[in-house]
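# Coordinates in review
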Amino acid sequence: MTGAQSTSRTPTLQEVAKAAGVSLATASNALSGKRGVSAELRERVVEAAKLVGYPRGGSARARRTEHVTVGIVLPDVRNPAYAELAHAFEREGQLRDWSLVLASSDYEPAKELEALERLIETTDGVVLSPSRPPRSGIHRLAASPVPIVTCDEPADSALIGASVRTDSFGGGRAAAHHLVDRGGTRFGMIGGAGYLPSTQERREGFLAGLRDRGVADEVVHVVGDVYGMDGGQSAMYELLELDPAVDAVFAVSDMQAVGALFEAQQAGRSVPGDLLLCGYDGIGWTRKISPTITTIRQDWGAIATRAMDYLAGMLAGGEGGRAVLPVELVEGESTRALRAV
């Protein structure tokens with residue numbers, strides 16, 4: 001009796017590899033048609049997949065063509081930025097008549113790995129925002145029989161077929177130019193010590209933008225390594241202790257900017273009266289509080305569309321790609337000029 005007849009559960013890729021007498025990576029590459037697996041070895045893996053009842057066996061990339069299911073793995077869907085990205089994927093999935101399965105890693109590599117292992121067995125492709133590059137779950141994944149696209153953060157795993165990001169360096173530079181041009185003279189950066197690669201790129205872009213305007217790195221206070229609203233609030237407290245005369249602040253995320261705004265107001269600082277504030281992401285909150293917050297907006301819809309385009313191409317047997325999308329500075333009330341410029 002074959003594995004397909006003896007059990008009603010879905011067989012795993014590991015069972016295919018064992019039946020074929022090959023490694024997990026070889027089984028994955030054989031079924032996905034990648035990395036030069038010989039015709040003889042590929043046929044052996046395909047036959048093993050048929051034997052155990054693996055749903056993607058039978059031919060290279062044998063998968064359902066009438067319907068597509070995509071797994072989406074994000075670090076924290078409670079975060080408004082990731083919630084907006086999830087919503088963008090939902091809209092894109094509806095347009096394509098694709099089903100989506102959403103999972104959250106909670107910034108934990110082990111939880112991300114668990115989600116990836118589950119989704120590569122049950123979906124046709126995965127879109128992932130890596131949690132802690134370069135220690136993310138994707139770096140611990142041995143193989144994948146389905147295409148994987150990353151978005152938001154970079155990752156260098158060989159299993160990644162395509163990636164979509166926005167221009168974090170350029171966004172940081174634009175924030176610096178804007179704060180100088182609006183009259184800022186003493187600068188601080190909130191969250192710039194965070195571990196995410198995008199954070200580091202925003203920090204480097206911000207410092208480069210200040211250098212463009214003649215401001216040396218040494219006079220810029222970079223504080224905070226905790227993400228979220230609480231991280232922004234604690235970092236603003238630290239910044240005001242370091243330099244009470246600071247008058248221009250860039251936060252590497254909008255949630256940190258919101259926390260920074262609350263702390264500045266509690267400390268008796270007027271925004272924008274005596275302190276300019278710019279965030280990053282473009283979440284809806286920035287337009288609904290007072291003062292509205294200037295932000296570097298990421299185009300969530302464009303990210304979702306490009307990621308799904310790459311995934312569709314790979315499902316059809318094509319190659320992936322790499323995209324870095326532009327960002328846009330959206331001015332709010334928090335950076336009205338401190339003085340006439």
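The rules behind each value
- Residues numbered from 1 in each chain as written.
- Predicted model: local features only at pLDDT ≥ 70, side-chain atom pairs only at ≥ 80, totals over all residues.
- Heavy atoms only, no water.
- Helix = DSSP H or I, 4+ residues; strand = E, 2+ residues; numbered from the N terminus.
- Buried < 20%, exposed > 50% of the residue type's maximum accessible area, 1.4 Å probe, protein only.
- Contact = heavy atoms within 4.5 Å.
- Areas by Shrake-Rupley, 256 points an atom, 1.4 Å probe, with all protein chains shown as cover.
- Pairing = 2+ DSSP bridges.
- Axes fitted to C-alpha atoms, helices over the stretch in contact; angles between N-to-C directions.
- Core = buried A, V, L, I, M, F, W, Y, C linked by side-chain atoms within 4.5 Å.
- Expected span 1.5 Å × (residues − 1).
- Arc of directions from axis to C-beta.
- pLDDT = per-residue confidence, 0-100.
- Salt bridge = Lys/Arg side-chain N within 4 Å of Asp/Glu carboxyl O.

Named according to an unreviewed UniProt entry, the protein chain is LacI family transcriptional regulator originating from Herbiconiux flava.

Glancing now at the overall build of the protein chain. Of the regular secondary structure elements, the protein chain holds eleven helices and twelve strands. Relative to its 341 residues, the protein chain shows a buried fraction of 53%. Across the protein chain, contacts joining residues at least 24 apart in sequence account for 71% of those joining residues at least 6 apart. Accessible area of the protein chain: about 14,300 Å², with a carbon and sulfur share of 50%.

Attention now moves to the sheet that holds strand β7 (residues 221-223). With respect to topology, six strands assemble into an open sheet ordered β7-β6-β8-β9-β10-β12, the strand pairing being mixed. A strand with exactly one partner marks an edge of an open sheet, and here the two such strands are β7 and β12 (328-330). Sheet twist, expressed as the average angle between the axes of neighbouring strands with direction ignored, equals 20°. Pairing of strand β9 (residues 276-281) with strand β10 (residues 294-297) involves four bridges; the strand directions are parallel.

Another point: the sheet that holds strand β2 (residues 99-104). Ordered in space as β2-β1-β3-β4-β5-β11, the six strands form an open sheet in which the pairing is parallel. Whereas interior strands pair on both sides, the edge strands pair on one side only; in this sheet they are β2 and β11 (322-325). Each strand axis lies, on average, 15° off the axis of its neighbour in the sheet, ignoring direction. In this sheet, strand β4 (residues 148-151) lies alongside strand β3 (residues 125-128) in parallel orientation, the contact comprising three bridges. Its bridge partner lying in β4, Val127 is registered against Val149. Seen against the sheet, helix α6 (residues 109-122) touches β1 (69-74), β2 and β3 and runs at an angle of roughly 180° to β1.

Counting residues in hydrophobic clusters, the biggest one holds 30 residues, and the most contacted among them are Leu85, Phe89, Val127, Val149 and Leu311. Elements with a contribution of two residues or more to this core: β1, α5 (80-96), β4, β5 (160-166), α11 (300-315) and β11. Here this core takes nine residues from α11, the largest share from any one element.

Turning our attention to helix α9 (residues 228-242). With 15 residues, α9 ought to run about 21 Å at 1.5 Å a step, and its terminal C-alpha atoms sit 21 Å apart, in line with that. For α9, the secondary structure elements touched by its buried residues are β6 (187-190), β7, β8 (248-251) and α10 (254-266).

To continue, consider α11. In a regular helix each residue adds 1.5 Å, so 16 residues correspond to 22 Å; α11 covers 22 Å between its end C-alpha atoms and thus fits that length. For α11, the complete set of buried residues consists of Trp300, Ile303, Ala304, Ala307, Met308, Tyr310, Leu311, Met314 and Leu315. One side of α11 holds all its buried residues, which, seen down the axis, span an arc of 155°. Following α11 by one or two positions, Gly317 has its phi on the positive side, about 95°.

The topology assignment puts Glu333 in the segment after β12. With relative accessibility at 32%, the residue Glu333 sits in the partly exposed group. For Glu333 and Thr294, which are 39 residues apart along the polypeptide, the C-alpha to C-alpha distance reads 6.7 Å. Sequence-distant contacts of Glu333, defined by excluding residues within four places in its chain, comprise Pro272, Ser290, Pro291 and Thr292.

In this model, the protein chain carries an average pLDDT of 88, and 88% of its residues clear a pLDDT of 70 or more. Residue range residues 1-8 is modelled with pLDDT below 50. Its contacts to residues more than four positions away, or to other chains, number seven contacts. Under a pLDDT of 50 for its full length, residues 57-65 has, in the predicted model, 23 contacts with residues more than four places off or in other chains.

What follows covers the pairing of β3. Judged by which residues are buried, β3 turns out to be covered on both faces: Gly125 and Val127 on one side and Val126 and Leu128 on the other are all buried. Bridging between β1 and β3 involves four bridges; their strand directions are parallel. Bridge pairing in β3 links Val70 to Gly125.

Before going further, it helps to examine the pattern of salt bridges. A complete count under the given rule lists 14 salt bridges for this structure. One salt bridge connects Arg78 with Asp76, and the closest N-O pair in it is separated by 2.9 Å. Taking relative accessible area as the criterion, Arg78 reaches 67% and is therefore assigned exposed. The salt bridge involving Asp217 is made with Arg211; its shortest N-O contact spans 2.9 Å. A relative accessible area of 42% means that Arg211 is categorised as partly exposed.

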